[in-house]
Amino acid sequence: MPESILTLAERVAELGHAERERVYRLFEISTLTGQLTVPEPLMSKLVDWFAEADDTDPRQAVARASTQRVARTFNRFSGEGALFNELRARRPLCARLHEDLDARIERARAGCDFCDPQRMTTADTWGRITGRHSVSAANASMYDAHHGMVVFREHHPHRFGREQVQDYLDVAMQWLRHTHEVDRSLRYPFIMWNCLEKAGASQPHGHLQMLITRDRPYARQARHMTVADAYRQQTHSSYWDDWVAVHESLGLTRGRGAATCVATLTPVKEKEMVIVGGLTVEEDFINAVADTLRALIDRLGVLSFNAGFFLPPLDGTPEYDMPAIACIVDRGDPARLTGDIGAMELYGSTVVASDPCRVIEALDA
Ligand SMILES: [Zn+2]
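Residues numbered from 1 in each chain as written. Predicted model: local features only at pLDDT ≥ 70, side-chain atom pairs only at ≥ 80, totals over all residues. Heavy atoms only, no water.

Quick look at the nonpolar core now. Ranked by size, the top nonpolar core spans 86 residues in total, and within it Ile191, Trp193, Leu208 and Trp243 carry the most contacts. Top contributing element to this core by residue count: helix H11 (residues 283-299), with 9 residues. Composition of this core by domain shows at least three residues from each of domain 1 (5-89) and domain 2 (99-363). Judged by nonpolar contacts, the second largest core, of 8 residues, contains Val38, Val47, Ala65 and Leu87. (Core = buried A, V, L, I, M, F, W, Y, C linked by side-chain atoms within 4.5 Å. Buried < 20%, exposed > 50% of the residue type's maximum accessible area, 1.4 Å probe, protein only. Helix = DSSP H or I, 4+ residues; strand = E, 2+ residues; numbered from the N terminus. Domains from an automatic or database assignment.)

This next bit is on the domain arrangement of the protein chain. In terms of domains, the protein chain is made up of domain 1 (5-89) and domain 2 (99-363). One C-alpha centre belongs to domain 1, the other to domain 2, and the line joining them spans 30 Å. With 24 residues of domain 1 in contact, the opposing surface of domain 2 contributes 29 residues. In total, about 2,300 Å² of surface goes out of reach between domain 1 and domain 2, with carbon and sulfur atoms giving 68% of it. The tally of links from domain 1 across to domain 2 stands at 1 salt bridge. Of the charged contacts in the structure, one is a salt bridge between Asp242 and Arg25, with a shortest N-O distance of 2.9 Å. (Contact = heavy atoms within 4.5 Å. Buried area = accessible area lost by both parts, 1.4 Å probe. Salt bridge = Lys/Arg side-chain N within 4 Å of Asp/Glu carboxyl O.)

Along the polypeptide, Arg331 turns up in the loop between strand E12 (325-330) and helix H12 (343-347). The class of Arg331 is buried, set by a relative accessible area of 16%. Here the side chain of Arg331 touches Asn306 through a polar contact of 2.8 Å, side chain to side chain. (Polar contact = N/O pair within 3.5 Å; in protein donor to acceptor, adjacent residues only side chain to side chain.)

Considering the arrangement of structural elements, one finds Ile191 in strand E6 (residues 188-195). Given the relative accessible area of 1%, Ile191 is considered buried. On a C-alpha basis, the gap between Ile191 and Leu208 in space is 7.3 Å, while along the polypeptide they are 17 residues apart. Once residues lying within four places of it in the same chain are set aside, the contact partners of Ile191 are Leu169, Ala172, Met173, Leu176, Leu208, Gln209, Met210, Ala307, Gly308, Phe309 and Leu311.

Each strand in a sheet pairs with another by means of backbone hydrogen bonds, the pair being arranged parallel or else antiparallel. Taken together, 4 strands build an open sheet; the order of strands is E1-E2-E3-E13 and the sheet is mixed. Lying at the two open borders of the sheet, with one neighbouring strand each, are strand E1 (27-35) and strand E13 (350-352). Strand-to-strand, the axes of this sheet are offset by a mean angle of 25 degrees, without reference to chain direction. By the bridge criterion, 9 bridges tie E1 to strand E2 (residues 67-75) in an arrangement that is antiparallel. Following the sheet pairing, Gln35 is matched in E2 by Thr67. (Pairing = 2+ DSSP bridges. Axes fitted to C-alpha atoms, helices over the stretch in contact; angles between N-to-C directions.)

Below, the structure written as structure tokens:
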């Protein structure tokens, strides 16, 4: 297993011929070095920023800053890419203290509309779907013509396990299937889960959302489908099988029955994990999603996150070449004012501190 994203290019070179060729067919992985000089007046500040616990001399921190290695990854087919800075990647990944956040979430119980969903959330014209741990609602501010919501019974957005996530996604899938039955031209489902305001959630109370569209899936999924199509035409192989196999050969996957959890080589932002399932949304896939969310929250200190689910069309279109996929990404500490996404992420390549080789280990505990 690779020790670090920075040694990954060397690890690839050590793989057997077929595995190595598969990596090179899909990805470019390289390590580059940047250099800088440090003016004397800045020295002490810089030592504060870059010192490590076992340093014996402040010059070690200056040397660390003066020569910085960066790992660069690029997916040749999808165009996704990330930059991993050595100094950022060295920081330990651990749970953050969040007593203040818990207190704020508890205070929000008073007057929380989602704690009283029957009276205080809008409903679909045909009614609601009720599960053991959740109930459906219509989204009061619609993104699209069909926009539903699953409101969790539990107010605190971090308190859930496998049983709850199975229920939430079961209610979401029932809502999607019902909407499809009423209008068969609505075929492409999408599920999203925003946790806390930092990730775009309007209310702290736990909830997820469903959309369904005709003609084509939403833009990101449509692009993934085009990529998988181009890959099959050029290589006569399955893009998603090979994508998972590349990550597996580099130690970046963990299996959960028929589903695989992947710490992706090209994360959209910090600690992104991708869960690849089968051609339907089934138990192993949902358990893998639940386990990954728990690993991110409990072991990697994630507080706010976005999750997006790319799902197969509801009427089983034969030309569709994509398994069920869930992507989950950390959106940063709610206590920090600094945003996690800047111009580099929007228009350049994503800059990432979390090393995927460390991120995947969170699933081992
Ligand atoms: Zn609530």
